[in-house]
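Summary of structural features
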Amino acid sequence: MCKQILQFCHLGKTFGDHQVLRDINFTVNKGDVTCIIGSSGSGKSTLLRCANLLETPTSGEIIFDGKNILTEKSHSKYRQKVGMVFQSFNLFNNMNVLQNCTVGLTSVLKIKKQEAEKIALRYLESVGMSAYVNARPHQLSGGQKQRVAIARALAMQPEVLLFDEPTSALDPEMVGEVLTVMKDLAKSGLTMLVVTHEMAFARDVANKVVFMDEGVIVEEGTPEEIFQNPKEPRTREFLSRTING
Amino acid sequence: MNFLQKMGNIFAEYYDWLLQGVGYTMLVALVGTIVGLLLGILIGTYRTIPNPQNKFLRALKKTGDWILTAYVEVFRGTPMMVQAMVIFWGYALVNDGNTMDVIVAGLIIVSINTGAYMAEIVRGGIISIDKGQFEGAYAIGMTHSQTMWQVVIPQSLRNILPSVSNEFVINIKDTSVLNVIGFTELFFQAKTIVTMTADTFATYLAVAIIYFVLTFTITRILRFVERKMDGKKNYTMQGAGNLDADAYAKTQAIGGGNNV
Ligand SMILES: Nc1ncnc2c1ncn2[C@@H]1O[C@H](COP(=O)(O)OP(=O)(O)O)[C@@H](O)[C@H]1O
Ligand SMILES: [Mg+2]
């Protein structure tokens, strides 16, 4: 049985007169690992940013737990439950690794400092970064930064975690360590919505793949359906370009 | 008597006057800089609030923006000496000739004057912070003010500290204009001492030395604070049992990027 957790209904987004997203409809079920693929400029980031309310959609609805979050006054409550991992990490430069992971717990969730540190350490350990609690972001490699950013998001114990090209800013030799962490998360049952260019990850880890082009969802299905049997010519063309190119 | 001896005599004879002048100068410079900085931070935070959706709130925010711009422009665009006179005597005018306490007046004038400059300095500090820092904070549910106070302002403060130090030094020197309202800071004391010694050159040279020692010391102290804020160059690893990055990546090979 599938329980839907996040749903996009006729979502649209325009910047000025540039329509970036058009009539986006899809549903994320609890425990789903959904990968969004598509060429650059197709609106993937904008969709994810709308899902976290960093951008305000210009039409449509986003339903979370049965409620349209676009009509809710406070974004804070929703964002506690729907976390986001960015391509550029966005770790807080004025804090060390541990503080990066505790600040949300103490200031947003009002958890006592000691308890927050325990929680943060648990997640830092799960991403292999607990040895670096004292380090500052600028002292870490890209892969390490991204793992800390994942721990920071996990510490809030979100129901859904959004990833926007989490490995695109990394040197090739660091991509693996971040994907490993994400694969573990997928196995643990976390609901994930991942924009990625890592086709092998989408194929092996996702249970649903969404292909976007020019602001619309062209095709969605299981990894087998999308990678082995794409119905749409545009999907076929994109895949042959990315996988062979 | 050569002038060195004369200066020595001035220090010896009027040290309590001079010390009082130093005390008031530093008090008003310090309070003015700190209150001005706080004003600057509040204004900077207000100005970076994302535009509200609600039409009424948006109009309210616009009005606030307009008032703050007027404040900044007016106080940056007129001399502090004139501001001091206008505020001091303006207060007296609306209060049937009763003047404000001179100390209070001096503190208020320097604070709001500094605030106008700090607002611009802080704004520059805030807009120099990467947008990603805001988004990282919003994404874990932090509100705008939590984001500002915990993430953005600490980073901006570090970046603007040299400009803030500069404002402090300017304030130490510029509070001398408060003598026009009879504020007994260092320059006012110098004028009084001259009326008794009749030795203008030696007195003002002595006072110049004092001003320089004050500003030089403050500059050094704030440099030291800057270095302290930058923290340690290196970090220490915690817990030997933990895997480091490479080891971690190797222990858990995955069908990821490399083997597409
Ligand atoms: N803040 C913005 N203002 C104007 N145009 C934007 C903005 N953000 C994104 N766009 C445009 O929206 C389109 C989709 O961008 P994006 O969602 O980043 O695509 P993707 O992540 O798939 O590469 C691009 O044409 C981009 O130029
Ligand atoms: Mg993108």
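What this report covers is the structure whose coordinates are included nearby. These numbers come from a predicted model, not from an experiment.

So, the overall build of chain B
Check the secondary structure of chain B and you find 9 helices and 0 strands. Along its sequence from the N terminus, chain B presents helices and strands in the succession α-α-α-α-α-α-α-α-α. Over its C-alpha atoms chain B spans a radius of gyration of 26 Å, topping by over 25% the 18 Å that the globule rule assigns to 260 residues. Expressed as lengths along the three principal axes of its C-alpha atoms, the size of chain B is roughly 90 × 55 × 25 Å. Among the 260 residues that make up chain B, the fraction classed as buried is 41%. For chain B, the computed accessible surface area is about 13900 Å², with 65% contributed by carbon and sulfur atoms. If the 19 positive side-chain charges of chain B are averaged to one point and the 17 negative ones to another, these points end up 8 Å apart.

So, the site of ligand 1
All names here are of chain A. Taken together, Phe-15, His-18, Val-20, Ser-39, Ser-40, Gly-41, Ser-42, Gly-43, Lys-44, Ser-45 and Thr-46 form the complete shell of residues around ligand 1. A distance of 3.1 Å is found between an oxygen atom of ligand 1 and a backbone nitrogen or oxygen belonging to Gly-43. Considered on its own, ligand 1 offers 560 Å² of accessible surface; in the complex 60% of this is hidden by protein. Looking at the shell around ligand 1, the elements with two or more residues in it are strand E2 (18-29) and helix H1 (44-51).

Considering the packing of aromatic side chains
Overall, the coordinates contain 10 aromatic pairs over all chains when judged by the stated rule. With a centroid separation of 5.0 Å and 35 degrees between ring planes, the pair formed by Phe-211 of chain A and Phe-238 of chain A is classed as tilted. Of this pair, Phe-211 of chain A sits in strand E9 (residues 208-213) while Phe-238 of chain A sits in helix H9 (residues 233-244), and the two are 27 residues apart along the sequence. Neither residue differs from the other here; Phe-211 of chain A and Phe-238 of chain A are each classed as buried. On the basis of an interplanar angle of 55 degrees and a centroid distance of 5.4 Å, the ring pair of Tyr-71 of chain B and Phe-75 of chain B is categorised as tilted. With Tyr-71 of chain B and Phe-75 of chain B both in helix H2 (residues 55-77) and 4 residues apart, this pair spans about one turn of that helix. For Phe-75 of chain B, a relative accessible area of 16% puts it in the buried group. Just above the ring of Phe-92 of chain A sits the side chain of Arg-152 of chain A; from NZ or CZ to the centre is 4.5 Å. Of note, Lys-61 of chain B hangs over the ring of Tyr-46 of chain B, and the distance from its end group to the ring centre comes to 5.3 Å.

What counts as what
Residues numbered from 1 in each chain as written. Chains lettered and ligands numbered in written order. Predicted model: local features only at pLDDT ≥ 70, side-chain atom pairs only at ≥ 80, totals over all residues. Heavy atoms only, no water. Helix = DSSP H or I, 4+ residues; strand = E, 2+ residues; numbered from the N terminus. Rg over C-alpha atoms; globule rule 2.2 N^0.38 Å. Buried < 20%, exposed > 50% of the residue type's maximum accessible area, 1.4 Å probe, protein only. Areas by Shrake-Rupley, 256 points an atom, 1.4 Å probe, with all protein chains shown as cover. Lys, Arg positive; Asp, Glu negative; His and termini not counted. Charge placed at Lys NZ, Arg CZ, Asp CG, Glu CD. Near = heavy atom within 4 Å. Polar contact = N/O pair within 3.5 Å; in protein donor to acceptor, adjacent residues only side chain to side chain. Phe/Tyr/Trp six-rings, centres within 6.5 Å; stacked < 30°, edge-to-face > 60°. Lys NZ or Arg CZ within 6 Å of the ring centre and 35° of its normal.

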